[in-house]
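# Examination of the molecular architecture
As a plain string of letters, each chain reads:
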Amino acid sequence: MNGLSKGVPNGGMAQFQEEMRQQLETSMHAELEKLLDTATGVDKEVSKKDFDGFKKLFHRFLQVEGPSVDWPKIHRPPEDSIQPYDKIAALPLPDSLADSLNKLVVVKLNGGLGTSMGCKGPKSLISVRNENTFLDLTVQQIEHLNKKYNTDVPLVLMNSFNTDEDTKKILQKYTHHRVKIHTFNQSRYPRINKESLLPVATDIGMTGENADVWYPPGHGDIYASFYNSGLLDQLITEGKEYIFVSNIDNLGATVDLNILHHLVSQPNGKRCEFIMEVTDKTRADVKGGTLIQYDNKLRLLEIAQVPKAHVDEFKSVTKFKIFNTNNLWISLGAIKRLQEQNAMDMEIIVNPKTLDGGQNVIQLETAVGAAIKSFDNALGINVPRSRFLPVKTVSDLLLVMSNLYSLEAGSLTMSQKREFPTTPHVKLGSSFTKVQEYQTRFESIPDMLELDHLTVSGDVTFGKQVSLKGTVIIIANHGDRIDIPAGTILENKIVSGNLRILDH
């Protein structure tokens, strides 16, 4: 907006900018109507609902200028607003745990593709442990709960248009498992030309020229799309009261009975509508969103909202000690109320992209945790690091496949044989980026129980039953190849060139 206002006298600046906003909004609405005219039947109805949400987001985008927080108004959250997990876990669990579980729905965010790990299709279908995919492990966890407590906890998957078809095909294999599985789709929004601020799409289709002109608008879209799907009302009618939401690639995000009991038993004598699990920051987490007190409300502060002058302060591990794991416990009734009152308030994330043809576009997104300030009596719970075990890269995959973890009923737990509860720092180089390359470079996963740090770069392969201890750095120089023979034990070593093993 600022570039449009050069040469306009100050007195008329506000009026000029408002006229420009209205003009842009009118043009956007006209283009969306043209797109709708290319749709028919159910497609048209679904797209109309999607576009209604997009128009609200676009309207707010035109109003916002600069970072959305006033830095001096930021305060640390009150002591009792973020509770230590140990305090909650110390309370005895009631005999009526099944009653609480029967009020719960597990929701997994399943909109992402496995492209960052070199895989096609939904990320949830990548094998992560003993041939089990993320989705397999999730189903096993919930089925175990339902069998153990004789309950009916359903699984809901929020798919995107990228993952829906492939996910639905795979769901048939769980027909005989003791888990009801529902799906609904995230909205489909049009990518916006960065220059004209109009949609790039020419029709409602998703093939040919239109293959990359649509996007799912971030996981903050869960509230509107869940409500629009009718599934929210259906679950409330079935007596469900809370959802536990998490990313499907976070293998630490299992149903925690202590947190569920705390939520249902009304902490502080008030009905709590939203719990965010946070955990202590390390230097690897400095970009993660954190909880603050702002205008007397608990609020999620993301790095994109921070004024440039304060980014280093935001990254500080001493001032902002915790970050959001995106494991959230939310009241279904509250989601329904806020949707119907149009009172769900989430900051807009402007995500710039470049399409294959070189065109610069932006996509407007929201984050699910940002809605915390809209809910009554929201709480943070500072959980152990073990509840945050995301698999974003093959380096993460190596950790969860190794003997650092044992697998039981779909849940991974850190081996008791490891002396330190923290995970090793693992950095695999560009030769390992894709899952397929990674698999060919490891004949078997090394023993990592005593590993602190691993860096691997270049053309490196591992034989069977290799053990890694302490700090191990393996770097193949350009044109060299390093083969680590079967049975090798590397402890505090640097390996470089043609398998020269040096004391570190």
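Everything numeric in this text was worked out from a predicted model, so none of it was measured. (Residues numbered from 1 in each chain as written. Predicted model: local features only at pLDDT ≥ 70, side-chain atom pairs only at ≥ 80, totals over all residues. Heavy atoms only, no water.)

Let us now look at the pairing of strand β24 (residues 481–484). On β24, burial follows the alternation: Ile 482 and Ile 484 on one face are buried, whereas Arg 481 and Asp 483 on the facing-out side are not. Taken together, the four bridges between strand β22 (residues 459–462) and β24 define a ladder with parallel strand orientation. Along β24, the bridge assignment pairs Asp 459 with Arg 481. (Buried < 20%, exposed > 50% of the residue type's maximum accessible area, 1.4 Å probe, protein only. Helix = DSSP H or I, 4+ residues; strand = E, 2+ residues; numbered from the N terminus. Pairing = 2+ DSSP bridges.)

The feature "binding site: UTP" (unreviewed entry), as given by UniProt, occupies Lys 123, Gln 186, Gly 218, Asp 249 and Lys 392 in the numbering adopted here. Taking the relative accessible area as the measure of exposure, Gly 218 reaches 15% and is therefore buried. Excluding its chain neighbours within four sequence positions, the residues that come into contact with Gly 218 are Gln 186, Glu 365 and Thr 366. Take Lys 392: it is sitting in the loop between β17 (379–382) and α12 (394–401). Take Lys 392: its relative accessible area is 40%, and that puts it in the partly exposed class. Apart from the residues lying within four places of it in its own chain, the contact partners of Lys 392 are Ser 116, Met 117, Lys 123, Asn 247 and Asp 249. Within the local environment of Lys 392, its side chain forms a polar contact with the side chain of Asp 249, the two groups lying 2.9 Å apart. (UniProt positions renumbered as here; feature names shortened; annotations may be inferred. Contact = heavy atoms within 4.5 Å. Polar contact = N/O pair within 3.5 Å; in protein donor to acceptor, adjacent residues only side chain to side chain.)

Before going further, it helps to spend a moment on the environment of Leu 328. Counting through the fold element by element, Leu 328 comes out in strand β14 (residues 322–331). Given a relative accessible area of 0%, Leu 328 falls into the buried group. Not counting the four nearest positions on each side in its chain, Leu 328 is found in contact with Ile 243, Phe 244, Val 245, Phe 274, Ile 275, Met 276, Val 368 and Gly 369.

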